[in-house]
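Breakdown of the fold
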Amino acid sequence: MLIFECPYCGIQADETELSPGGEAHLKRHGPGASDEDFEGYLFMRENPKGVHFERWRHSNGCGKWFHAARCTITLEVFGTYKAQTLEPPKKIKDQIAVKRPGWSWRTFS
Amino acid sequence: MSEPQTSLFPQFNGYVTVSCESDMGMIIMRGSVTAKGLGAALGTSLPKERKIVEGKEMQIAWMSPDELMVLCRKEHVADLITEVEGSLSTQHALVADVSDARAIFKLKGANVREVVAKLAPVDMAPGQFGSGEMRRTRFGQIAGAFWMTGEDELNIVCFRSVAEYMYKQLCVSATQGSELDLWT
Ligand SMILES: [Zn+2]
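1. Thoughts on the packing of aromatic side chains
- Per the counting criterion, the structure on display carries 11 aromatic pairs over all chains.
- Ring geometry for Phe4(A) versus Trp56(A): centroids 5.2 Å apart, planes at 55 degrees, classification tilted. Of this pair, Phe4(A) sits in strand 1 (residues 3-5) while Trp56(A) sits in strand 4 (residues 51-57), placing them 52 residues apart in sequence. Residues Phe4(A) and Trp56(A) agree in their burial class; the two are buried.
- Taking the centre distance of 5.8 Å and the plane angle of 80 degrees together, the rings of Phe139(B) and Phe146(B) count as edge-to-face.
- A relative accessible area of 0% means that Phe146(B) is categorised as buried.
- One aromatic cluster in this structure is built from Phe53(A), Trp103(A), Trp105(A) and Phe108(A).

So this is what it looks like as structure tokens:
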């Protein structure tokens, strides 16, 4: 069972109170984009063994979307942060570095 | 227009009693929950994060960083909306009467905590949750919010479209003989 702290209402919500929203920090490529970029935006997803970034929604709670950083092997949660950010905050990245030295995910490390 | 129903379900007498109060007024407000003038329009101080406060013939609950809910007598709803809308006239905000979209259940008895604990993923142990707090969560498969108005009294609000599901699961949870006596 995953338990995330919702960064909007502060509740420790277990995953039955949340809805998964897939991979985090996707850049939208819309009309006018190259076929390659559009394909990447629509279909290409990370499937890491280890550090991962996801979007979740506190659907049975305050209703807000947020980001979560966790480990797909151990289900350890490194932290959660608000949706209004284009990349993981430094605090979260530092926290991951302590527990998973040398980690990287897409262009982040 | 359909006539408002004042009692959707009969009172259930389990080891905790379950009754439905559907004639309550409810107003939802979206926008800045700390908006200037809002407290004055409501005549009370506004609730902090996850709290519910008692006002003059009303209760005000914090629902999310941009949402407040007012519970009041149904006949006060129209006037309150006019006042609140006036205080928010220069802001991007929404005020809506949702009374007919909701149902309220009242649980009474010494074991109200465990009747909720059986249905919702919330730590109901004394000290972990208590009066003055508003908790939005799920009950079984549906969304609901609840608050306590004493150690043996608890209120639950949910969408009226799923009120029957809520009523039935509360009755099952409160059935005589299913006591856990966790905290009594
Ligand atoms: Zn939340």
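2. Notes on the confidence of the model for chain B
- When the pLDDT values of chain B are averaged, the result is 93; 96% of them are 70 or greater.
- Both scores are available for the predicted complex, with the pTM at 0.93 and the ipTM at 0.90.

3. What to know about empty space enclosed by the protein
- Evaluation of the coordinates by the stated rule reveals two cavities of 30 Å³ or more.
- Counted as a void, the largest cavity has a volume near 60 Å³.
- Around the largest cavity sit Cys9(A), Ile11(A), His58(A), Gly61(A), Cys62(A), Arg50(B), Trp62(B), Met63(B), Met134(B), Arg135(B) and Arg136(B), which together line it.
- When contributions to the lining of the largest cavity are tallied by element, the ones reaching two or more residues are strand 5 (58-64) and strand 9 (135-139) of chain B.
- When grouped by side-chain class, the residues that make up the lining of the largest cavity number six nonpolar, two polar and three charged.
- When residues of the lining of the largest cavity are assigned to domains, at least three map to each of domain 1 (12-22 + 101-173) and domain 2 (24-99) of chain B.
- Its boundaries defined by the atoms lining it, the second largest cavity holds a volume of some 50 Å³.

4. Quick notes on the interface of chain B and chain A
- Tallying the contact residues gives 15 residues for chain B and 12 residues for chain A.
- Linking Asp66(B) and Lys64(A) is a salt bridge whose minimum nitrogen-to-oxygen distance equals 2.9 Å.
- Contributions of two or more residues to the side of chain B that touches chain A are made by strand 5, strand 9 and strand 10 (142-148) of chain B.
- Here the element with the most residues in the side of chain B that touches chain A is strand 9 of chain B; it accounts for four residues.
- Grouping the constituent residues of the side of chain B that touches chain A by class yields six nonpolar, two polar and seven charged.

5. Things to note about helix 2 (residues 90-99) of chain A
All names here are of chain A.
- Within the sequence span of helix 2, burial applies to Ile92, Lys93 and Ile96. Across the axial projection of helix 2, the buried residues extend over an arc of 100 degrees, all falling on one side. Relative to its buried face, helix 2 has exposed residues pointing more than 90 degrees away, namely Lys90, Lys91 and Val98.
- Check the buried side of helix 2 and you find it contacts strand 4, strand 5 (65-71) and strand 6 (77-82).

6. Quick word on the coordination of the zinc ion
Residues and elements named next belong to chain A.
- Coordination of the zinc ion by the protein is provided by Cys6 (SG), Cys9 (SG), His58 (ND1) and Cys62 (SG), with metal-donor distances spanning 2.0 to 2.4 Å.
- Considering all four donor atoms around the zinc ion, angles at the metal cover 99 to 115 degrees and the coordination shape is tetrahedral.
- For the zinc ion, the single-chain donor residues occur in sequence as C-x2-C-x48-H-x3-C. Residue Cys9 is located in the loop between strand 1 and strand 2 (12-14), and its partner His58 is located in the loop between strand 4 and strand 5; the two are separated by 49 residues in the primary sequence.

7. Side note on the sheet that holds strand 5 of chain A
All names here are of chain A.
- If you trace the four strands from one edge of the open sheet to the other, you get 3-4-5-6, paired in antiparallel fashion. Because the sheet does not close on itself, it has two edges, and the strands there are strand 3 (19-23) and strand 6. Along the sheet, successive strands turn relative to each other by an average axial angle of 30 degrees, direction set aside.
- With five bridges connecting them, strand 5 and strand 6 associate as antiparallel partners. Looking at strand 6, one finds that Ala69 is bridged to Gly79.
- Helix-sheet contacts for helix 2 involve strand 4, strand 5 and strand 6, and the interaxial angle to strand 6 is about 175 degrees.

The rules behind each value
- Residues numbered from 1 in each chain as written.
- Chains lettered and ligands numbered in written order.
- Predicted model: local features only at pLDDT ≥ 70, side-chain atom pairs only at ≥ 80, totals over all residues.
- Heavy atoms only, no water.
- Phe/Tyr/Trp six-rings, centres within 6.5 Å; stacked < 30°, edge-to-face > 60°.
- Helix = DSSP H or I, 4+ residues; strand = E, 2+ residues; numbered from the N terminus.
- Buried < 20%, exposed > 50% of the residue type's maximum accessible area, 1.4 Å probe, protein only.
- pLDDT = per-residue confidence, 0-100.
- 1 Å grid on protein atoms, 1.4 Å probe; cavity = no way out; pocket = protein on both sides within 12 Å on 5 of 7 lines; lining within 4 Å.
- Points joined across faces, edges and corners; volume = space filled by probe spheres on them.
- Nonpolar A, V, L, I, M, F, W, Y, C, P; charged D, E, K, R; others polar.
- Domains from an automatic or database assignment.
- Contact = heavy atoms within 4.5 Å.
- Salt bridge = Lys/Arg side-chain N within 4 Å of Asp/Glu carboxyl O.
- Arc of directions from axis to C-beta.
- Donors = N, O, S within 2.8 Å, 3.2 Å for Na, K, Ca; no water.
- Tetrahedral: all angles 85-135°; square planar, octahedral: opposite > 155°, others 65-115°.
- Pairing = 2+ DSSP bridges.
- Axes fitted to C-alpha atoms, helices over the stretch in contact; angles between N-to-C directions.

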